[in-house]
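# What the coordinates show
Next come the chains, spelled out residue by residue.
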Amino acid sequence: MTLIKRKSIEAEAFVADDRAARSLRPAYKPRFAPVTFSEIGGVRYLHFGTEWVQGAMRLSKPDRIELEYAQQMMAWLLFMRAPKHVVQLGLGTGSITKFSAKQFARTQVTAVELNPAVVVAARTMFDLPSDSRRLKVLEADAWDFVTDTANHGTVDVLQVDLYDATARGPVHDTPAFYKACRATLREPGMLTMNLFGDHDSYPKNIRRLRQAFDNRVIEFPEVHDGNVIVLAFNGPLLSVEWKDVEARAKVVEAATGLPARRWVKQLRDANGDGGPVLTV
């Protein structure tokens with residue numbers, strides 16, 4: 001979920017209709033916010049009934065990851081190769097899920113999404129393929145997935161992007177949730193997560209994430225309207241020369257088209273240049 005603001009016609013209509021009907025019906029709070037859309041400049045956006053953008057797809061390049069923050073969610077590629085199982089918590093438009101399923105021919109890709117309307121939208125409006133042998137979309141709560149012991153130690157990469165219509169912080173943000181996320185990971189394994197840096201929820205979340213992962217966390221600089229992508233590491237201590245990370249970035253960029261070389265510079269700048277070696 002990217003915290004870019006862009007109003008949709010459907011969102012404004014929903015608000016107007018809701019106000020008009022409020023005096024005619026008893027108080028009722030739906031379980032999920034409405035799923036709405038907008039398009040501008042050849043890009044289709046997903047909303048949850050507000051101006052906050054929950055994902056995007058360029059119509060002329062439906063297989064591309066359009067938004068920079070979503071591209072950064074793939075930065076685990078700098079440190080891991082050939083994952084067996086990649087999991088996305090929070091489907092959005094399905095851009096990361098779709099990209100992973102098409103890019104990694106031997107990888108099991110699972111997305112976990114609570115709102116069935118989001119799943120329908122991803123498939124009908126954003127070109128997410130139907131389930132297959134390697135691609136599965138589960139209609140479930142992310143909390144239930146990470147706390148299910150059957151999923152512990154089964155995931156190589158866990159990508160977490162859990163925001164609702166209010167965009168005031170991740171839906172799940174407790175120490176127990178972050179510890180459960182780590183429990184799902186193999187060794188080695190990685191988590192990438194979208195946090196809202198320009199909000200008072202950020203210090204709490206980054207602190208809890210660091211505690212859950214023994215401070216083995218690095219961050220990107222803010223992009224868009226406050227999104228901060230963080231990477232957390234599980235398993236043996238990683239010590240790698242930055243020049244080797246840069247060499248890996250060239251390979252990733254050539255294979256995927258993602259701006260991996262820019263990622264390396266951003267990570268070094270955001271986390272302080274501690275010398276030629278990254279230890280995490």
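For the structure itself, consult the block above.
Described below are features of the structure shown in this document. Every value quoted in this text rests on a predicted model; they were computed, and no experiment measured them.

Turning to the packing of helix 6 (residues 175–184) against helix 7 (residues 201–212), a few remarks are in order. Taken N-terminus to C-terminus, the directions of helix 6 and helix 7 make an angle of 45°; their axes are 9 Å apart at the nearest point. The angle between helix 6 and helix 7 places the two elements in the oblique class. Crossing angle aside, the handedness with which helix 6 passes helix 7 is right-handed. Along its contact with helix 6, which presents P175, Y178, K179 and R182, the element helix 7 presents N205, R208, L209 and A212. Of the residues belonging to the contact of helix 6 with helix 7, the class tally is four nonpolar, one polar and three charged.

Before going further, it helps to spend a moment on helix 6. Taken as a whole, helix 6 has its buried residues at F177, Y178, A180, C181, R182 and T184. In this structure, the buried side of helix 6 is in contact with strand 4 (85–89), helix 5 (142–147), strand 7 (155–160), strand 8 (185–196), helix 7 and strand 10 (227–234).

This part takes up the environment of E66. With respect to the helices and strands, the residue E66 is situated in the loop between strand 3 (53–58) and helix 2 (68–72). Considered as a pair, E66 and I96 are 30 residues apart in the sequence and their alpha carbons are 9.7 Å apart. In contact with E66, not counting residues within four places along its chain, are V43, A56, R58 and Q71. Here R58 takes part through its side chain, which lies 2.9 Å from a polar atom of the side chain of E66.

Turning next to the packing of aromatic side chains. The final tally for this structure, using the stated rule, is four aromatic pairs. Ring plane angle 80° and centroid distance 5.3 Å describe the contact between F79 and F233, whose orientation is recorded as edge-to-face. With F79 in the loop between helix 2 and strand 4 and F233 in strand 10, this pair connects stretches of sequence that are 154 residues apart. Using a relative accessible area of 18% as the deciding quantity, one classes F79 as buried.

Another aspect to go through is helix 3 (residues 95–103). Most of helix 3 is tucked away, with seven of its nine residues classed as buried. Within helix 3, burial applies to S95, I96, T97, K98, F99, S100 and A101.

Among the nonpolar cores identified, the biggest contains 40 residues, and M74, W76, L78, F79, L231 and W263 are the most heavily contacted of them. At the level of elements, strand 2 (43–47), strand 3, helix 2, helix 3, strand 10, helix 8 (242–256) and helix 9 (260–271) are the ones that each hand at least two residues to this core. Look past the residues within four positions of W263 in its chain and what remains in contact with it is Q71, Q72, M74, A75, L78, F220 and L258.

Below, the discussion takes up the pairing of strand 5 (residues 108–113). For strand 5, the tally of buried residues reaches five of six residues, placing the bulk of the element in the interior. The sheet contact formed by strand 4 and strand 5 spans five bridges and is parallel. Each bridged residue has a counterpart across the sheet, and for V87 the counterpart in strand 5 is T110. Crossover handedness for the path strand 4 to helix 3 to strand 5: right-handed. In this sheet, strand 6 (residues 135–139) lies alongside strand 5 in parallel orientation, the contact comprising five bridges. Each residue of the ladder has a partner; that of V109, found in strand 6, is L135.

Right, let's get into the environment of I229. Topologically, I229 is positioned in strand 10. The sequence separation of I229 and I218 amounts to 11 residues, and the corresponding C-alpha distance is 8.8 Å. Each residue touching I229, except ones within four places of it in the same chain, is listed here: Y69, Q72, M73, M193, N194, I218, E219 and F220.

Moving on to the sheet that holds strand 7. Pairing in this open sheet of seven strands is mixed, and the strands run 6-5-4-7-8-10-9 from one edge to the other. In this open sheet, the two strands that pair with only one neighbour each are strand 6 and strand 9 (217–219). Each adjacent strand pair in this sheet contributes to an overall mean axis angle of 15°, direction not counted. Pairing analysis gives five bridges linking strand 7 to strand 8, with the strands arranged parallel. When the sheet's bridge partners are listed, V155 is paired in strand 8 with L185. Together, strand 4, strand 7, strand 8 and strand 10 form the strand contacts of helix 6, whose direction differs from that of strand 8 by roughly 140°.

On to the sheet that holds strand 2. Read across the open sheet, the three strands follow the order 1-2-3; overall the sheet is antiparallel. Only two strands of the sheet have a single neighbouring strand rather than two, namely strand 1 (36–40) and strand 3. Taken over all neighbouring pairs, the strand axes of this sheet differ in orientation by 25° on average, direction set aside. Where strand 2 lies against strand 3, five bridges are found, and the strand directions are antiparallel. Its bridge partner lying in strand 3, V43 is registered against R58.

The rules we used
- Residues numbered from 1 in each chain as written.
- Predicted model: local features only at pLDDT ≥ 70, side-chain atom pairs only at ≥ 80, totals over all residues.
- Heavy atoms only, no water.
- Axes fitted to C-alpha atoms, helices over the stretch in contact; angles between N-to-C directions.
- Helix = DSSP H or I, 4+ residues; strand = E, 2+ residues; numbered from the N terminus.
- Parallel < 35°, antiparallel > 145°, perpendicular 65-115°, else oblique.
- Left-handed = near helix turned anticlockwise from the far one by under 90°.
- Contact = heavy atoms within 4.5 Å.
- Nonpolar A, V, L, I, M, F, W, Y, C, P; charged D, E, K, R; others polar.
- Buried < 20%, exposed > 50% of the residue type's maximum accessible area, 1.4 Å probe, protein only.
- Polar contact = N/O pair within 3.5 Å; in protein donor to acceptor, adjacent residues only side chain to side chain.
- Phe/Tyr/Trp six-rings, centres within 6.5 Å; stacked < 30°, edge-to-face > 60°.
- Core = buried A, V, L, I, M, F, W, Y, C linked by side-chain atoms within 4.5 Å.
- Pairing = 2+ DSSP bridges.
- Right-handed = clockwise from strand over helix to strand, strands pointing away.

Interpretation note: all reported values are geometric properties and have no functional meaning in isolation.
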